[in-house]
Every structure is written in structure tokens, then in C-alpha cells.
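# Remarks on the overall topology
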Amino acid sequence: MKKLFLLFFLLPALLAAQGGMWLPMHLEKQNEKDMKALGFKLDADDLYAPNRPSVKDAICQFSGGCTGAMVSSQGLLLTNHHCGFDAIQTHSTLEHNYVEEGFWAKTQSEELPSPGETAMFISRMEDVTALALQNVTESMNERDRQSQIDKNLAQIRVSTKKEKWEEILIRPFYNGNQYFLFVTVTYTDVRLVGAPPSSIGKFGADTDNWVWPRHTGDFSMFRVYANKDNLPADYSPDNKPLNPKHFLPVSISGVKEGDFTMIYGFPGRTDEYLPAIAVQQTGEVLNPAKVNIRDRALKIMDAFMRKDPGVKIAYIARYASIANAWKKWLGEMQGLKTYKALDKKRDYEAEFTRRVQQNPGWKFKYGNLLPRLEQTYKEMEPYAHARDNYLEIFVRNSELLGMVASLNSWIKSYEEGGVSAFSGKLKDAKSRLDGFYKDYRPEVDQAVFAALVELYAQHVKEDWGAGFVKSEATNRGGYDKLAAYIFQNSILADRNKWEALVAGDPKNLGEALKNDPAVVFWRGASNPYQAGVVPKLQELQSTANLLQRQYMAAQLEVFKEKRFFPDANSTLRLTYGKVRGYSPKDAVIYDFRTYLDGVMEKYIPGDYEFDVPQKLIDLWKTKDYGRYATSDGRLPVCFLGSNHTTGGNSGSPALDARGNLIGLNFDRVWEGTMSDLNYDPAICRNIMVDSRYILFIIDKYAGATRLIEEMKVVKK
Ligand code: ARG
Ligand code: ASP
């Protein structure tokens, strides 16, 4: 009975062709048949071919953390508004507020050089597992194993053929069971071409973030420039638009429910193969701790931002980024619970165990894996909990403490080597602090500091820095007073003090930093944490890594009938699915598409999240949608698909069955944010902005017709 149940329970999961972030070079072997059954009309090697142009040549990693797509023969790049936001913000001034008003270069000469933005393309990839694991033996400990692998990778790097302008990237896959090499080409002359106003590109802001129904025109445009030989070069007025090996035609045919879709991009990180115990820990211990800390920080920031518009401008990007992960963790916790992730994992583990027990060879090799994983993660829990508290409080969410964290080793170099050791990096520190003060309001940070260090004192073991924090608070008469003392006396919290010291004798600066109350406080908590938590955590993490690697290898062997994809690791992947709505609970059914009418339903005049620009209202009133309307005369905005995506997939093109661009990926639905740990095809959906809305905004809203003419717009 039990067996039969398991079979019924598992079969659909084992056979369903859903989810997964697949390797471009293995599509033919692993996915092509399945993709064609779903409606894919090309061949796998149209998507990835090492020696001739293919769709992959239109896809780049944008500025390290997002994806971008080539949409013209002149290097025109499409990505999200939130991916281009830094550049948009950097070019904004009070006179030209591109964040508020949008920006459209009328000619190529008006396109704005944006240092720091990059576009990395993949020339080809190779499986280098055999070479990477040469002379690696079962009996090696983790450290020896890694140093052997490092040696092998260094060897592979020198012996791989590449052009001068190419680079080599080698990454572990399947928890270190396989290694793949990527030959990459990175362009650094990337210029801002266009962006809608935030009231379109960021419409709904934090309230709508991670939520469906969605009405955000989350796109921006850049152009990649190259030297006269079409090769990467730093910015120069002589550079020319890149002529990419491939660019994507933009479809205005429209999508309907059930249509085949693909997302091609650079997903950052997933953990799909953790055992139930680790998922439980994330959902019940680690996420709640982090959410609680950010809750406090966000509420404090919000109160200051509401009182003072100046603070609002200074903190809006920081707030959005802290809130983004906070909201995701919250959604993840709820999703894991609601959709019974632990039960599913445990059933899967039971089936794994059943198969392993039946096979003497497997029983010997793999029989202990799950119990050992369980034990290792359990042992790790208090350390991991302390780590997350520490990172959230002493590194990420208090700006002053985060600054000390980043300067600490530089300050130490003064204490250990004197002025000579320290002066070399002074320029570096100066430019870091220049950036820091640009949007810094010590009164906000001081309030955040007081609240967060108190949380540290409450939630972390005394020996791991909490004891120090508590006694400091007691000595100063409470957390507010402690914060006031530190912020009044730290030179880092006061731009004028810092600048005066930096202009003077480096010896004075070194002495002042060494005795700075923020530095002293940070170290007082950090040192016991480093001593009590870090070594033990590293040791346990290394055991967990070893066990995860073995568990992955075991799953590949034990579930031969199942296809496994490697966890995301910021490398190029293809994921595919269908245009699809979803039903998160009884009687609630979400349609797959939103329209401009929905933007107007959400419209709140003057609101910073839901305001709508007058011109868009006018276009809506006159229904002036041109060729971008649906057949019933409405303007589509966003749509959903069952494509498995994660952070880093933002800006990834959504493609139809023939490789035309039908949208731009930018988010996931609330109930499905758990997909990094537990992809559930019934619930998990990615959110895309419809290519027709993108073209409509460029064409009808912005009047940037030169860009429309440059693209290859197709309609069947
Ligand atoms: N949640 C999306 C992602 O993780 C969009 C984030 C940008 N939007 C925002 N409102 N913060 O990147
Ligand atoms: N919004 C994410 C990104 O910026 C995408 C996601 O997490 O679904 O990459």
C-alpha cells in the first residue's frame, strides 16, 4: 500500500517535464524532445551552437547580476528598469531627473556612457569534468581535494585555446560533481539609451514587488559599443555600436495561454537539492531571523522617509534593495509551509532510502548519507543562525557597521604595519567613503543601529559577541544612548570629521580610526563571533558540502529515470514552460495577463508607488495603442509563465517557440518565491513584461521611433 502510494505520488513528479535551469550545450541530449512536445519549433542547436551564430549570441550577463538581450544589429540591449537603475540614477540631476521623468537619447551621440555597466557574452562552453577532477581521489579530505582541483583548473586555463579578448570561467556544477568551462567576451563601453519614468518602469514599487497581478513596465535600454574591429574596448568616442553575432526579433504577435515559452539568461543561485532538514532550517529558523531584523530596519527607514522628502530620495534605492530580499524570504517561508515542501522532500527522501536499501552496492555507498546530512545540518543550526544575525546586523543593515566591516582589514594594516602599509590603500578608502556619504543620513542609521544591535544582544549567544553588546549598552545607559555615543564620536559617522582627518597626516588618521568608537564596538562584537562561530561553521559547512556532493551523485545514480538540472550558479541557462495563470488557493484563480486598464485601476495620483504619468493616462483614454493592442483592443502589460527562474534572470528575454522576443522576465509570483528551494510547477510562475507594452512605451509614449525602426519587429 505504502509503496503504491509512493509510486503514485512520485511518478508525476518524476516524469513531469517541468522546472529546471538547463545547460545550453546539453539541450539536445536532455531537453529537445520534451521541448518539441511542448511546442518548440526550432532545434536545440539553434539555441546553442559553439561554432556558428545561435540565439545564445544575443544573450549577455548584464553588469554581473542581471541578464540582457541584443535586439538590433547595432548592439541595442534590452534589460530591466531595475537592472539599469544605477545607471539611470547616476545620470540624474535635479534639472534632469531621469529616474522621475525617464530618458530617451534622440541620437547615438546622446547615449550616455555608463562606466561600471558591462555585457558579458558566452563564446562557447565545454565539459571539463575529467580534467578538473584528475588525480582527485575518494580518500582525499576536502582541503586536499580542493587544492588538487585548483591546480587542475589552473592547468585547464592555460591550455584552453582562446582569443586575446576572451576570458575563461570555470564553475562547479551538480555540487562539484561536474565542471564546465565558459569562454566569455566582456564589453565595457555600455551606454544608456532609454528608460521610462519610474512611474512606469517601477510602477507598484515595493508594494507590488513579488506579487501578481502586476503592472510594471520594468525595462530599460542600453547600447553596447566596440572598437573598430567589433571587439571589447573601454569607452572611447571613436567606438562603434557592437554588431552582435545574433540579435532577437521582437514579436508583436501576442501570446495566449498554453503557448510555449523559454527564458534564456543567467540565473544566480538555487538550492533545489537540500535535504528536508536544511529546507526546514531555512524556513523556520534562518529566514525568520533575517526577516525580523529587516522588519525593524525597514520600519525605521520608512518613518524617516515619510517625514522628510530629502531622506526619501537618499534612501529609496537602499530601501528597495533591503525590502526586496526581506519580502522574498517572507514569501519563501509562507510558500514552503502552504505547499508542503517538507512533506514533499521527506517523501522523496523516503523513496531514495527505499531504493538504496534494496541495492547492496548503493546501501554501502549511500546508506548513511541522509542521516549524516541530518546530523550535520542540525549541528550547524546555532552557528548558521548566529552567522545570519551577524551578517544582517554587523555587515548589511547598519551602514556605519557595514562601513567598518569593509575598512577593518585596512585599519588593521595600520596597526600592524604603520603608515606605510596603510597609505597605499588610502585612495581606495577615500573613494569608498565618498560614495558612502553621498546618500548617508546619520540620524537614520543611528536609529537603525540602536534597534539592530539590541536584537543581536537578544538573539545571539553571549559568548558570540552578544555579551559584549549587552555590557556596552548597560555601561552607556541603554541602546539609544549607546548609539548616540557612537554616532556622536565616530569620525566615520561624520563626513566633516572624516574629511578633515583624511586631508591631514595619515598617522593621525590611523590613530583616530584605531580608537574610533564605531571600530572599537564593531571589533568588540566581531572578535568573539569570529572566534566562536566562524571556524566551527566552516568545518561543518565543509562537511555539508562533501555530503551534498555525494547526495547529488547518489540521486543521479539512484533516480536514473529522472532528469536533473544543476543548481543555478550565475551561468547561462535555458528554462522553458508555457504561458500560464495559476490558482494559489481554493476558488482563487489568477489570469495569465494584465492590461493597461489595470494600471489605471491601481492609479493613485501623487503616490510614490502608484502615480501614473499624464501622457499614459491620455493614451489610455484615447485607446491609442496602434499595432500593440490585443485583438479586442486592449493594451497588454505583463504576463505569466511556468518558467523556472531566479534572481539574475531579471532582464532575461522571454522567447517564443521560434526564438522571437515576446517579453522580458523581471519577477516571480508571491506564492512561488519558494522556487529556489522547492520548485512547484502548480504554483511557481515567472512574471514578464509583454514586448508589446515595451514597444508601445518606446513608440507611442516616448516617441523614440528611431529605436523601433532599428529593431526587427515581427508579426505572424
Ligand atoms: N523582485 C524582483 C527581483 O528580485 C524585482 C526587484 C526590483 N523591484 C523592486 N521593487 N525592488 O529582482
Ligand atoms: N527579480 C529577480 C532579478 O532581479 C528575478 C527573480 O528573482 O525572479 O533577477
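Position labels on residues start from 1 in each chain and follow its written sequence. Chains and ligands are labelled sequentially in the order written, the chains with letters from A and the ligands with numbers from 1. In keeping with the model being predicted, local features are shown solely for residues with a pLDDT of at least 70 and side-chain atom pairs are shown and tallied solely at 80 or more, while totals for entire chains, interfaces and linings include all residues. Calculated side-chain values reflect all of the structure's heavy atoms, with hydrogen atoms and water omitted.

In this section: the overall build of the protein chain. Helix and strand assignments come from DSSP, with helices taken as H or I runs of at least 4 residues and strands as E runs of at least 2, each series counted from the N terminus. When helices and strands are counted, the protein chain shows 28 helices and 22 strands. Expected size for 716 residues packed as a compact globule is a radius of gyration near 27 Å; at 26 Å, the protein chain falls within 12% of this value. Here the C-alpha coordinates of the protein chain stretch approximately 75 × 75 × 60 Å along the principal axes. Relative accessibility decides the category of a residue: with a 1.4 Å probe and only protein chains considered, values under 20% of the type maximum give buried, values over 50% give exposed, and everything between is partly exposed. By residue count, 56% of the 716 residues in the protein chain fall in the buried class. Residues counted as positive are Lys and Arg, residues counted as negative are Asp and Glu, and His and the chain ends are not counted. In plain terms, the charge of a residue is placed at NZ if it is Lys, CZ if Arg, CG if Asp and CD if Glu. Of the charged side chains in the protein chain, 91 are positive and 89 negative; the average position of the first set lies 4 Å away from that of the second. As a reference, a globule follows 2.2 Å times the number of residues to the power 0.38, and the radius of gyration itself is taken over C-alpha atoms.

Here the focus is empty space enclosed by the protein. Here a cavity denotes grid points, spaced 1 Å and computed from the protein atoms alone, that fit a 1.4 Å probe unable to get out, and a pocket denotes an open set having protein on both sides within 12 Å along at least 5 of 7 lines; residues with an atom within 4 Å of a point are the lining. Grid points are joined across faces, edges and corners, and a volume is the space filled by probe spheres set on the points. Within the structure shown, the criterion is met by one cavity of 30 Å³ or more. Reported here for the largest cavity is a volume of approximately 30 Å³. Those elements that place two or more of their residues in the lining of the largest cavity are helix H12 (309-338) and helix H18 (442-459). At three residues, the largest contribution of residues to the lining of the largest cavity is made by H18.

Moving on, we get to the state of the cysteines. In what follows, a disulfide is any cysteine sulfur pair within 2.5 Å. Per the stated rule, a full pass over the model turns up one disulfide. A disulfide bridge connects cysteine 66 with cysteine 83, and the sulfur atoms are separated by 2.1 Å. On the sign convention where negative is left-handed, the bridge of cysteine 66 and cysteine 83, at about -75° about the S-S bond, is left-handed. Here cysteine 66 is found in strand E2 (residues 66-70), whereas its partner cysteine 83 is found in helix H5 (residues 81-90), with 17 residues between them in sequence. Both residues of the pair, cysteine 66 and cysteine 83, belong to the buried class. Just so you know, cysteine 638 is unpaired, no disulfide at all, and the nearest cysteine sulfur is the one on cysteine 83, 14 Å from it.

Okay, unusual backbone geometry next. The phi torsion of most residues other than glycine is negative, and most of the peptide bonds are trans. For the bond from tryptophan 212 to proline 213, the omega torsion is 0°, close enough to zero to count as cis. Checked against the element boundaries, proline 213 lands in the loop between helix H10 (205-208) and strand E10 (220-226). In this structure, asparagine 230 takes a positive phi of about 70° despite not being glycine. Among the secondary structure elements, asparagine 230 is positioned in the loop between E10 and strand E11 (240-241). Phi is positive for serine 570, close to 65°, though the residue is something other than glycine.

This paragraph deals with the site of ligand 1. With respect to spatial proximity, the complete set of residues near ligand 1 consists of His82, Ala205, Asp206, Asn209, Trp210, Ala320, Asn324, Ser650, Phe666 and Asp667. Any pair of nitrogen or oxygen atoms within 3.5 Å is treated as a polar contact; in protein, a donor-acceptor pairing is required on top of that, and neighbouring residues in sequence qualify only through side-chain atoms on both sides. Alanine 205 places a main-chain nitrogen or oxygen 3.4 Å from a nitrogen atom of ligand 1. Between aspartate 667 and ligand 1, the recorded distance is 2.8 Å, taken from a side-chain N or O atom to a nitrogen atom. Where accessible areas are quoted, they stem from the Shrake-Rupley method and a 1.4 Å probe; at the residue level, only the protein chains shown are allowed to cover. When isolated, ligand 1 has an accessible area of 340 Å², and the protein chains bury 85% of it. Elements supplying a minimum of two residues to the shell around ligand 1: H10, H12 and strand E20 (661-668). Only heavy atoms are used to decide nearness, and a residue is near a molecule or strand if one of them lies within 4 Å of it.

Here arginine 593 shows up in strand E17 (residues 593-595). A pairing counts as a salt bridge when a side-chain nitrogen of Lys or Arg comes within 4 Å of a carboxyl oxygen of Asp or Glu. Despite its burial, arginine 593 pairs with no opposite charge, the nearest such side chain being aspartate 690 at 4.6 Å. Polar contacts involving the side chain of arginine 593 include one to the main-chain carbonyl oxygen of valine 255, which spans 2.9 Å. Polar contacts involving the side chain of arginine 593 include one to the side chain of tyrosine 595, which spans 3.2 Å. Should any heavy atoms of two residues lie within 4.5 Å, those residues are counted as being in contact. Beyond its immediate chain neighbours, meaning those up to four positions away, arginine 593 contacts Trp212, Val255, Thr630, Pro636, Cys638, Phe639 and Arg692.

Another aspect to go through is the packing of H18 against helix H19 (residues 466-476). Between H18 and H19, the shortest axis-to-axis distance is 8 Å and the interhelical angle comes to 125°. In terms of their interaxial angle, H18 and H19 are classed as oblique. Crossing angle aside, the handedness with which H18 passes H19 is left-handed. Contact residues: Val453, Tyr456 and Ala457 in H18; Ala466, Val469 and Lys470 in H19. Residues are grouped as follows: Ala, Val, Leu, Ile, Met, Phe, Trp, Tyr, Cys and Pro are nonpolar; Asp, Glu, Lys and Arg are charged; every other residue, Gly included, is polar. Looking at side-chain class alone, the contact of H18 with H19 contains five nonpolar, no polar and one charged residues. Axis definition: a line fitted to C-alpha atoms, over the contacting stretch in the case of helices. Angles run 0 to 180 degrees between N-to-C directions. Any angle from 65 to 115 degrees is called roughly perpendicular, while one under 35 is roughly parallel, one over 145 is roughly antiparallel, and all others are oblique. Should the near helix be turned counterclockwise from the far one by less than a right angle, the crossing is left-handed, whereas a clockwise turn marks it as right-handed.

Time to look at the pairing of strand E8 (residues 178-187). Extensive coverage of E8 is indicated by the burial of eight of its ten residues. Judged from the eight bridges that link them, strand E6 (residues 119-127) and E8 form a sheet pairing that is antiparallel. In the sheet register, glutamate 126 faces E8, and the bridge partner there is leucine 181. As paired strands, strand E7 (residues 166-173) and E8 are joined by eight bridges and run antiparallel to one another. Considered in E8, the bridge of arginine 171 is made with phenylalanine 180. Between any two strands, pairing holds if DSSP finds at least two bridges. The loop that links E7 with its antiparallel partner E8 comprises four residues; one of these, tyrosine 174, has a positive phi angle of about 50°.

Below, the discussion takes up the site of ligand 2. The local shell around ligand 2 consists of His82, Trp210, Thr646, Gly647, Gly648, Asn649, Ser650, Phe666, Asp667 and Arg668. Here phenylalanine 666 contributes a backbone N or O atom positioned 2.9 Å from a nitrogen atom of ligand 2. Protein chains shield 89% of the accessible area of ligand 2, which is 270 Å² for the free molecule. If one sorts the elements of the shell around ligand 2 by residue count, E20 sits on top with three residues. Its residues placed into classes, the shell around ligand 2 shows two nonpolar, six polar and two charged.

We describe a pair of aromatic rings using the distance from one ring centre to the other and the angle between the two ring planes. Classification of ring pairs uses Phe, Tyr and Trp, with its six-membered ring standing for Trp, and accepts pairs whose centres are within 6.5 Å; under 30 degrees between planes counts as stacked, over 60 as edge-to-face, and the remaining range as tilted. All told, the structure shown has 31 aromatic pairs when counted by the stated rule. Their ring planes at 55° and their centres at 4.7 Å tell us that tyrosine 98 and phenylalanine 103 sit as a pair that is tilted. Of the two residues, tyrosine 98 and phenylalanine 103, both sit in the buried class. Seen from their ring centres, tryptophan 104 and phenylalanine 219 are 6.4 Å apart, and the 45° between their planes marks the pair as tilted. Of the two residues, tryptophan 104 sits in strand E4 (residues 103-104) while phenylalanine 219 sits in the loop between H10 and E10, which places them 115 residues apart along the sequence. Following the ring pairs from residue to residue traces out a cluster consisting of Tyr390, Phe394, Phe449, Tyr456, Phe468, Phe487, Phe521 and Tyr529. Note on geometry: a ring has a charge over it if NZ (lysine) or CZ (arginine) is within 6 Å of the ring centre and within 35 degrees of the ring normal. The ring centre of tyrosine 225 lies 3.6 Å from the NZ or CZ of arginine 191, which sits over that ring. In this structure, lysine 312 is placed above the aromatic ring of tyrosine 608, and the distance from its NZ or CZ to the ring centre is 4.6 Å.

Interhelical geometry of helix H20 (residues 479-489) versus helix H23 (residues 517-532) gives an angle of 130° and a closest axis separation of 8 Å. When the axis of H20 is compared with that of H23, the two are oblique. On H23, the residues touching Leu482, Tyr485, Ile486 and Asn489 of H20 are Pro517, Ala518 and Phe521. Looking at side-chain class alone, the contact of H20 with H23 contains six nonpolar, one polar and no charged residues.

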